Amino acid sequence: MASLSTTSLSFKAPSTRISQVLRKGSSFQSVAFGRFASSTSKTSLRLQISCAAKAETVQKVSDIVKEQLALTADTPLTAESKFTALGADSLDTVEIVMALEEKFNISVEESDAQNITTIQEAADLIEDLVQKKPAA
């Protein structure tokens, strides 16, 4: 059984797999852990926590990417779609980031912009920046 609070994560009597622990208002999408064998011990416990942007944010980013890269409406995009696989060069990526800044009224640092390679990474960064943005 797992419990999740704003500041901590605790586990009691773990089973072989726990996933999809969701908390309304939290940026955690899932928490999973399981047992696996390693070379140093017979059994180890592995913990994985994934954070993901809201589906709405991912869709907005996808729409902007389609527009900036002049992709057809039927071009399939997923959160894992890489900009380079869609034909984007470095200038296209800069234009995508500029469009995202305008759409979400945020400012993306150059160092952060250089690390964005997928739709999911862009959506995650946007939600992080929007959350940190001071209330107007």
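Calculation notes
- Residues numbered from 1 in each chain as written.
- Predicted model: local features only at pLDDT ≥ 70, side-chain atom pairs only at ≥ 80, totals over all residues.
- Heavy atoms only, no water.
- UniProt positions renumbered as here; feature names shortened; annotations may be inferred.
- Helix = DSSP H or I, 4+ residues; strand = E, 2+ residues; numbered from the N terminus.
- Expected span 1.5 Å × (residues − 1).
- Buried < 20%, exposed > 50% of the residue type's maximum accessible area, 1.4 Å probe, protein only.
- Arc of directions from axis to C-beta.
- Contact = heavy atoms within 4.5 Å.
- Salt bridge = Lys/Arg side-chain N within 4 Å of Asp/Glu carboxyl O.

Under an unreviewed UniProt entry, the protein chain has the name Acyl carrier protein and belongs to Camelina sativa. Of the protein chain, the UniProt comment under Sequence similarities (unreviewed entry) reads exactly: "Belongs to the acyl carrier protein (ACP) family."

A few words on helix H2 (residues 90-104). The terminal C-alpha atoms of H2 lie 21 Å apart, and with 15 residues this matches the ideal 21 Å at 1.5 Å per residue to within 8%. Along H2, the residues that are buried comprise Asp 92, Thr 93, Ile 96, Val 97, Ala 99, Leu 100 and Phe 104. Along H2, the residues classed as buried sweep out an arc of 160 degrees about the axis, all on the same side. Along H2, the residues that are exposed and aim more than 90 degrees away from the buried face are Ser 90, Leu 91 and Glu 102. Elements in contact with the buried residues of H2: helix H1 (55-68), helix H3 (110-113) and helix H4 (119-132).

Right, let's get into the pattern of salt bridges. It is possible for side chains bearing opposite charge to pair when their charged atoms get close. Under the counting rule described, the total for this entry stands at 2 salt bridges. Taking the shortest distance from any N to any O, the salt bridge between Lys 60 and Glu 56 comes out at 3.3 Å. Here the residue Lys 60 and the residue Glu 56 both occupy positions in helix H1, the gap between them amounting to 4 residues, near one helical turn. You can call Lys 60 partly exposed: its relative accessible area is 31%. Its relative accessible area of 53% is what places Glu 56 among the exposed residues. Its salt-bridge partner being Asp 128, residue Lys 132 comes within 3.3 Å of it at the nearest N-O pair. Remark: Asp 128 and Lys 132 occur in helix H4; sequence separation between them is 4 residues, near one turn of the helix.

A separate point is the environment of Ile 116. With respect to the helices and strands, the residue Ile 116 is situated in the loop between H3 and H4. Under the relative-accessibility criterion, Ile 116 is labelled buried at 8%. Counting along the chain gives 23 residues from Ile 116 to Thr 93, while the straight-line C-alpha distance between them is 8.4 Å. Discounting residues that sit within four places of it in the chain, Ile 116 has contacts with Phe 83, Thr 93, Val 97, Glu 121, Ala 122 and Leu 125.

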